[in-house]
Amino acid sequence: SSNIEYMQMHLQQLKKIDIQLKPVSQELVLQLPKWATRKDLQDYFRAWPAVLDWDRPDLIAQRLEWAYGIYENETLIGLVQLCYPNAKAKTIEYGLLIDNQTCSDRIAASWRVEELIRDYIFNVLDYNKIYVRILESRKILLARLLELGYTQEGLLKQSTKIGTEYFNELLLAKFKED
């Protein structure tokens, strides 16, 4: 019952939130190294595929192919990046980071971004399948993705390292027809 109330509260907030995705900007490139050093965001940067050298903003910008800044009311609150596109199989994965210190409701913002990026992948890029990886411990996120029609396709054992510990990830997928 408390999970349902929790989700309903965030769904109410979702109706009020103004989220936009914009191409990578200098503001985003300069913000990434700051986000990467914050302990509360460490799990988002566990193995971010595009960003390797925080001291080189020029390289960060080059590695952010298929990335978009997430803005709430014109304030940068996060990053979404499409990665591992397979044009032949029409599959793609994406990663998402929302800064809970700069947005009004991280969960509602994440859900809105998921809607926007799913629409973009399926209807603009015309891909057939989206993959998402989440830490096995993220039970609320898992419940929301399952509710949105994602299915769990696998368990990736010790596939990510945060600090000195290894963690399992779940691989979820959603087809265009679902």
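What counts as what
- Residues numbered from 1 in each chain as written.
- Predicted model: local features only at pLDDT ≥ 70, side-chain atom pairs only at ≥ 80, totals over all residues.
- Heavy atoms only, no water.
- Helix = DSSP H or I, 4+ residues; strand = E, 2+ residues; numbered from the N terminus.
- Buried < 20%, exposed > 50% of the residue type's maximum accessible area, 1.4 Å probe, protein only.
- Contact = heavy atoms within 4.5 Å.

J.: Please explain the overall build of the protein chain as it appears in this structure.
T.: Helix and strand content of the protein chain: five helices and seven strands. Listed by position from the N terminus, the elements making up the protein chain come as α-β-α-α-β-β-β-α-β-α-β-β. Counting the 178 residues in the protein chain, one finds 43% classified as buried. Partitioning the contacts of the protein chain with sequence separation of at least 6, the portion at a separation of at least 24 is 63%.

J.: Would you explain unusual backbone geometry in this entry?
T.: Excluding glycine, residues mostly carry a negative phi; peptide bonds, for their part, are mostly trans. Despite not being glycine, Glu 74 has its phi angle at roughly 70 degrees, a positive value. Considering the arrangement of structural elements, one finds Glu 74 in the loop between strand 2 (67-72) and strand 3 (75-86). Within the chain, Asp 126 stands out as a residue other than glycine whose phi angle is a positive 60 degrees. Tracing the chain through its elements places Asp 126 in the loop between helix 4 (106-124) and strand 5 (129-135).

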